[in-house]
Number of protein chains: 4
Amino acid sequence: MKTHIKVLEKVRLKKPIFIQGLPGIGNVGRVAAGYLVSELKMKKFAELYSQHFLPLVLLHDDAVASPLRCEFYYCRGKSRDIVVLTGDSQSVTSEGHYEISGAILDFIEGLGVKEVITMGGFAEGKEVSVPRVIGAVTDKSVIKKYGKMSIDFGREHQIGTIVGASGLVLGLSGMKGMEGLCLMGETVGLPVMTDPKAADAVLHILVKILNLKLDLSKLEKIVMEMEEKISRTDEVHKKMMAEMGKQKEENVRYIG
Amino acid sequence: MKTHIKVLEKVRLKKPIFIQGLPGIGNVGRVAAGYLVSELKMKKFAELYSQHFLPLVLLHDDAVASPLRCEFYYCRGKSRDIVVLTGDSQSVTSEGHYEISGAILDFIEGLGVKEVITMGGFAEGKEVSVPRVIGAVTDKSVIKKYGKMSIDFGREHQIGTIVGASGLVLGLSGMKGMEGLCLMGETVGLPVMTDPKAADAVLHILVKILNLKLDLSKLEKIVMEMEEKISRTDEVHKKMMAEMGKQKEENVRYIG
Amino acid sequence: MKTHIKVLEKVRLKKPIFIQGLPGIGNVGRVAAGYLVSELKMKKFAELYSQHFLPLVLLHDDAVASPLRCEFYYCRGKSRDIVVLTGDSQSVTSEGHYEISGAILDFIEGLGVKEVITMGGFAEGKEVSVPRVIGAVTDKSVIKKYGKMSIDFGREHQIGTIVGASGLVLGLSGMKGMEGLCLMGETVGLPVMTDPKAADAVLHILVKILNLKLDLSKLEKIVMEMEEKISRTDEVHKKMMAEMGKQKEENVRYIG
Amino acid sequence: MKTHIKVLEKVRLKKPIFIQGLPGIGNVGRVAAGYLVSELKMKKFAELYSQHFLPLVLLHDDAVASPLRCEFYYCRGKSRDIVVLTGDSQSVTSEGHYEISGAILDFIEGLGVKEVITMGGFAEGKEVSVPRVIGAVTDKSVIKKYGKMSIDFGREHQIGTIVGASGLVLGLSGMKGMEGLCLMGETVGLPVMTDPKAADAVLHILVKILNLKLDLSKLEKIVMEMEEKISRTDEVHKKMMAEMGKQKEENVRYIG
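Keep in mind that what you see is a predicted model, and the values were worked out from it rather than measured. Residue numbering note: each chain is counted from 1, following its sequence as written. Numbering of ligands from 1 and lettering of chains from A proceed in the order in which they are written. For a predicted model such as this one, the threshold for reporting local features is a pLDDT of at least 70, and the threshold for listing and counting side-chain atom pairs is 80 or more; totals across whole chains, interfaces and linings nevertheless cover every residue. Hydrogens and water are ignored here; the side-chain numbers use all heavy atoms of the structure.

A. Just the relation of the copies chain A and chain C, in detail. In superposing the copies, a least-squares fit is computed on C-alpha atoms, taking residues whose pLDDT is at least 70 in both. Turning chain A through 90° and shifting it by 0.0 Å along the axis lays it on chain C, with an RMSD of 0.0 Å. The relationship between the two copies is best expressed as a four-fold rotation axis.

Put into structure tokens, the structure is as follows:
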């Protein structure tokens, strides 16, 4: 089995914007993406499988096994449709990150996506009382576009690199001529634990960008529901984070 | 050399059910599969080789070398034929697990297999006096089908993941529309040693499912015979288990 | 995404000579190459991407993300044109070094390159007051050609191996029938820090070979400007060096 | 660059027998093969390169770089021709061993080889005063054929596995229908050092099998000459052995 995307439903989308939130530091991206999928009642239309995930199956409903996967969801909007990618895992190998990110970009290019937003956490290494949202882009013009939002584009908070799928999908989207934005919510980072506050901060920016009306007060509740599922895959997350963690120096803060 | 299956005999099978028991925790699956092959006088008809096995040859009969491989056996039944896969090794790489499991599924799909049973051990981390058999499935309907057997489908004993070929072949069989069941016999887990009691527990369930009449009293004797062969490949097993063990957190019990 | 070279401008070059300086010990090669690109006002015409780089993006101008890459530059000369390769990273895997070096050679062969010069640092493990330049070649005839330059071809300073892209591109160029020279500037080696003196020593040889008139007094200033960019990618370099360092025994001095 | 064999001279061989001696424990195989090449004045006709070797070049004659490679030699005999493979390195990855062994077998099959002899060392872990030669085969019939030679086919000295190219080329030759023999000379094993005595023991058997008249008294002298070259590649050997060593348990003696 190689990295591949299984299409469950062929969809024609109207000016789709692509939003990605995969597991990572603080599970910020995954929680934010999961919230969108749940609140917007999005529909799954494709699944991504890869030999670069851990070689195991998850047991849902106690005894029903499913391979690790990422899932593409969509919903219709007034002026434009939304595609969300979330899932169980990121790659556990360095090469796999490139392969999976490449597969994602080829797929969404086929859907007509011209705009990409990836979401992740930024590990501060200490408690964060009011998490900021740090941004990165494919081109300076994107900074201008979102300049009035409360996103810190490195003026106060300079970071050097973005590791993993949040970074690579952003970077590769630029190479495909897409307009890309990465939103990172500040979080403690270690130990690995889901941080709803950081996800909330990212979501507040995102609903403005998407011009959505979402009741963010429900987030905590939804996070608690997700936690149950997430805890069941703790092994996967810890291993994945450990693998990704190998790729940083101690004094470099991880961004996932 | 890439992962490939060498067909020794072309067979046409009647409604074949596929049963897999590879080396792993307690060698539960391998012993159970070896017992079936021996007692049912099954015939080998294919061999699987892979570059994801350890790069060594085993010496049988003292001096005759053979590469590591897995072996497919079959026998005729009244209403349906049986295919068993057992062998020397599982993959020692993460990607290899996906590649080998994928090759197995493509092969048995070609044989017309619609039902899959994988067997393994579940490491309790402590002595088990009367080993239970824990089950996982591809779909809830399979739980119903086997509901009256003494299989614990997570009601009392919840597990989160199944690592390695037992898990992946189960999970991928579901993706191919096959009906899959994984039977795991409780065993100590560490140190690595063959556990005939756990294999016996799994076999008791299996003979009922297959509606076979096997003299399970001979199991201990057969296990002793297998032990000789198994001890010769101890290096392979320990290395394989060590590689697979890297993929778990300390507090997660291994399932092989 | 696989290793590939993205051509930005199709160029026809006159008897091009190829010069490579990638990150490595003391950043000797990279600094020397960067100096050439800057002083000769060279133009970028191709980029190399690879799944064997670290899975991350760099943030330039604070917030603009770009994937790790190497870059090909060219400039016109009187009698012959010059091609320079420099970049963010070397491979972090052993296989990747072969894949990337092979891709580089296929590309420059297509450009008509017949001469190759790779530049790197040689880690002495101690302070070096006046760094020598140590040379290696594809053929003894090349030693004769450059015999009057102040290059130590192993008469006083014997080294056994050259690890990484400096070595492999040299070695593989010989297999393609090209004439290759590797210039290594002596440097401390550890800790990892940019060594302008060693780069200066290599550049002094290089400008003679290329018959260029460059103001090398500006090197220190340019290095300081590069340092800013380099420090931002410290994580990448340290990781890369750590990976490459694994491949040496303690008492073998690293050559990059 | 992928594993490939570069043919320098197209040869038509008469009933060729293939003999392999690559670096490994005690350098037994390599020394024995080197001796044959030297004494029989064999001619190089092909080279094997692979991305599974270490990513470095060796410097011969002080400053002339060459990529790591294995080399095929041949010489004419009265009744049959001889092909010898020796070289700088074995694979440093597990998959690479399979890939390289497969490439070797495909190549010699094309040459018409029906008989294969691989040579290596067997690490006893203690001083060996009179090294025995331990044998392994592809088929019991081969034991009969060589039964009168002083080869220990496991009657007194049982070993379980043969790791690396000596083992895999033997094992895979059997799968190709060739007749294979592996000769392993007993040696200390650790620390890694060339053992001419063990090579001598293997050569004594080999000259009988090949019906050659070689002056084995010169071996020590030739080994000393080889040592110089071998010491220059110490880094490569140690790394390679370290990589291969990872694949054994402490109490399993390494066979290379």
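B. Main features of helix α5 (residues 196-210) of chain B. All names here are of chain B. Between its first and last C-alpha, α5 extends 20 Å over 15 residues, near the 21 Å set by a 1.5 Å rise per residue. Partly exposed residues are those whose accessible area sits between 20% and 50% of the maximum for their type, while under 20% is buried and over 50% is exposed, using a 1.4 Å probe and protein chains only. Working definition: helices are DSSP H or I runs of at least four residues, strands are E runs of at least two. Numbering for both runs from the N terminus. Most of α5 sits inside the fold, with 11 of its 15 residues counted as buried. For α5, the full list of buried residues reads Pro196, Ala198, Ala199, Ala201, Val202, Leu203, Ile205, Leu206, Val207, Ile209 and Leu210. Think of a polar contact as two N or O atoms within 3.5 Å of one another; within protein, one of them needs to be a possible hydrogen donor and the other a possible acceptor, and neighboring residues in sequence only count if both atoms come from side chains. The backbone nitrogen of lysine 197 has a side-chain oxygen 3.0 Å away, supplied by the residue at the start of α5, namely aspartate 195. One or two positions beyond α5, positive phi appears at asparagine 211, with a value near 60°. Expected span of a helix: the number of residues minus one, times 1.5 Å.

C. Just the confidence of the model for chain A, in detail. In this model, chain A carries an average pLDDT of 88, and 88% of its residues clear a pLDDT of 70 or more. The ipTM value of the predicted complex is 0.90, and its pTM value is 0.92. pLDDT runs from 0 to 100 and stands for how confident the predictor is about each residue.

D. Focus on the interface of chain B and chain A. Between chain B and chain A, the contact holds 33 residues from the first and 26 residues from the second. The salt bridge definition used is simple: a Lys or Arg side-chain nitrogen within 4 Å of an Asp or Glu carboxyl oxygen. For the pair chain B and chain A, the interface holds 0 salt bridges. Inspection of the region where chain B meets chain A yields 7 residue pairs in polar contact (both at pLDDT 80 or more). Contributing elements (two or more residues each) for the side of chain B that touches chain A: α2 (94-110), β9 (133-137), α3 (140-145), β11 (161-163) and α4 (165-175) of chain B. Of the residues in the side of chain B that touches chain A, the class split is 13 nonpolar, 13 polar and 7 charged. By the bridge criterion, 3 bridges tie strand β4 (residues 56-60) of chain A to β11(B) in an arrangement that is antiparallel. Should any heavy atoms of two residues lie within 4.5 Å, those residues are considered in contact. Just so you know the grouping, Ala, Val, Leu, Ile, Met, Phe, Trp, Tyr, Cys and Pro go in nonpolar, Asp, Glu, Lys and Arg go in charged, and all remaining residues, Gly too, go in polar. Here a strand pair is declared whenever DSSP counts at least two bridges between the two strands.

E. Here's a closer look at the state of the cysteines. All names here are of chain A. When two cysteine sulfur atoms lie within 2.5 Å, the pair is treated as a disulfide. Across all of its chains, the model carries 0 disulfides over all chains by this definition. Take cysteine 182: it sits in no disulfide, and the sulfur closest to it among the cysteines is that of cysteine 70, at 16 Å. Classification of cysteine 182 as buried rests on a relative accessible area of 0%.

F. Inspection of the side chain of Glu39(D) at higher detail. Residue and element names in this part refer to chain D. Structurally, glutamate 39 is set in helix α1 (residues 28-39). Judged by relative accessible area, which is 18%, glutamate 39 ranks as buried. When residues no more than four places from it in sequence are discounted, the contact partners of glutamate 39 are Leu214, Asp215, Lys218 and Ile222.

G. Looking closely at the pairing of strand β3 (residues 43-49) of chain C. Residues and elements named next belong to chain C. β3 sits mainly inside the fold: 5 of its 7 residues count as buried. Pairing of strand β1 (residues 4-7) with β3 involves 4 bridges; the strand directions are antiparallel. Within β3, the residue paired with valine 7 across the bridge is alanine 46. Relative to strand β6 (residues 70-75), β3 is paired through 5 bridges, and the arrangement is antiparallel. Looking at the pairing, lysine 43 lines up with tyrosine 74 of β6.

H. View of the interface of chain A and chain C. The interface of chain A with chain C comprises 33 residues on the first partner and 27 residues on the second. The quantity reported as buried area is the accessible area (1.4 Å probe) lost by two parts once they are put together, taken as the sum for both. Here chain A packs against chain C, burying approximately 2500 Å² in sum over the two surfaces, 62% of which is carbon and sulfur. For the chain A face of the interface with chain C, the top three residues by lost area are Glu95(A), Tyr98(A) and Met175(A), together amounting to 26%. Joining chain A to chain C, the criterion identifies 0 salt bridges. Taken together, chain A and chain C are joined by 6 residue pairs in polar contact (both at pLDDT 80 or more). Put simply, the parts of the chain that give the side of chain A that touches chain C at least two residues each are α2 (94-111), β9 (133-137), α3 (140-145), β11 (161-163) and α4 (165-175) of chain A.

I. Fine view of the environment of Leu40(A). Among the secondary structure elements, Leu40(A) is positioned in the loop between α1 (28-39) and β3 (43-49). Taking the C-alpha atoms as reference points, Leu40(A) and Glu71(A), 31 residues apart in sequence, are found 15 Å from one another.

J. Broad picture of the packing of helix α2 (residues 94-111) of chain D against helix α4 (residues 165-175) of chain D. Residue and element names in this part refer to chain D. The angle between two axes is taken between their N-to-C directions and runs from 0 to 180 degrees, where each axis is a line fitted to C-alpha atoms and a helix contributes only its stretch in contact. It is the contact of α2 with α4, at a shortest axis distance of 9 Å, that shows an interaxial angle of 50°. The angle between α2 and α4 places the two elements in the oblique class. For the element pair α2 and α4, the recorded crossing hand is right-handed. In this structure, α2 uses His97, Tyr98, Ser101, Gly102, Ile104 and Leu105 to contact α4, whose residues at the interface are Ala165, Leu168, Val169, Leu172 and Ser173. Grouping the amino acids of the contact of α2 with α4 by side-chain chemistry returns 7 nonpolar, 4 polar and no charged. What sets the label is the angle itself: under 35 degrees gives roughly parallel, over 145 gives roughly antiparallel, 65 to 115 gives roughly perpendicular, and the rest give oblique. With the far helix as reference, a near helix turned anticlockwise by less than a right angle produces a left-handed crossing, and one turned clockwise produces a right-handed crossing.

K. The arrangement of the packing of aromatic side chains in detail. Two rings from Phe, Tyr or Trp (for Trp, the six-membered ring) form a pair when their centres are within 6.5 Å of each other. A pair whose planes differ by under 30 degrees is stacked, one over 60 is edge-to-face, and the rest are tilted. Counted by the stated rule, this structure contains 20 aromatic pairs over all chains. Consider the rings of Phe45(C) and Tyr74(C), whose centres lie 5.3 Å apart with planes at 90°: the pair is edge-to-face. Here Tyr74(C) lies in strand β6 and Phe45(C) lies in strand β3, a separation of 29 residues in the sequence. Site record: aromatic cluster; members linked through ring pairs are Phe18(A), Phe45(A), Phe72(A), Tyr74(A) and Phe107(A).

L. Molecular detail of the pattern of salt bridges. Residues and elements named next belong to chain A. Taken as a whole and assessed by the stated rule, the structure comprises 56 salt bridges over all chains. The partner of arginine 30 in a salt bridge is aspartate 88, and the shortest N-O contact between them spans 3.7 Å. Within this pair, whereas arginine 30 is found in helix α1, its partner aspartate 88 is found in the loop between β7 (82-87) and α2, the two being separated by 58 residues in sequence. For the pair arginine 30 and aspartate 88, a shared accessibility class is recorded, and that class is buried. We note a salt bridge from lysine 145 to glutamate 115, for which the minimum N-O separation is 3.2 Å. Of the two residues, lysine 145 is situated in helix α3 and glutamate 115 in strand β8 (residues 115-123); the sequence distance between them amounts to 30 residues.

M. Expanded view of the pairing of strand β4 (residues 56-60) of chain D. All names here are of chain D. Here β4 lies mainly inside the structure; 5 of its 5 residues are buried. Burial along β4 is two-sided: Leu56, Leu58 and His60 facing one way and Val57 and Leu59 facing the other are all buried. Connecting the antiparallel pair β4 and strand β5 (residues 64-67) is a turn made up of 3 residues, with aspartate 61 showing a positive phi of about 45°.

N. Spotlight on a positive patch on the surface. Patch membership requires more than 30% relative accessible area and the absence of a salt bridge. Residues of like charge join within 9 Å; the nonpolar side chains Val, Leu, Ile, Met, Phe, Trp and Tyr join within 5 Å. For every accessible area listed, the method is Shrake-Rupley and the probe measures 1.4 Å; residues are considered covered only by the protein chains on display. Counting rule for charge: Lys and Arg are taken as positive, Asp and Glu as negative, and neither His nor the chain ends is counted. One atom stands in for each charge, and that atom is NZ of Lys, CZ of Arg, CG of Asp or CD of Glu. Among the surface-exposed residues, Lys2(A), Lys2(B), Lys2(C) and Lys2(D) lie close enough to one another that they form a single positively charged patch. With respect to the secondary-structure elements, Lys2(A) resides in the segment before β1 (4-7). With relative accessibility at 55%, the residue Lys2(A) sits in the exposed group.

O. Summary view of a negative patch on the surface. Taken together, the side chains of Glu95(A), Glu95(B), Glu95(C) and Glu95(D) define an acidic patch exposed on the protein surface. If you trace the backbone, Glu95(B) turns up in helix α2. Classification of Glu95(B) as partly exposed rests on a relative accessible area of 31%.

P. How the structure looks around unusual backbone geometry. Backbone geometry places Lys41(A), a non-glycine residue, at a positive phi of 45°. Checked against the element boundaries, Lys41(A) lands in the loop between α1 and β3. Located in the positive-phi region is Asn211(B), a residue other than glycine, with phi close to 60°. In this structure, Asn211(B) sits in the loop between α5 and α6 (219-232).

Q. Summary view of the environment of Thr86(A). All names here are of chain A. Tracing the sequence through the fold places threonine 86 in strand β7. Residue classification places threonine 86 among the buried positions, given a relative accessible area of 9%. For the pair threonine 86 and isoleucine 19, spaced 67 residues apart in sequence, the C-alpha separation works out to 8.7 Å. Dropping the residues within four chain positions of it, threonine 86 is found in contact with Gly21, Leu22, Arg30, Ala33, Cys70, Glu71 and Tyr73. Here the side chain of threonine 86 touches glycine 21 through a polar contact of 2.9 Å, landing on its backbone oxygen.

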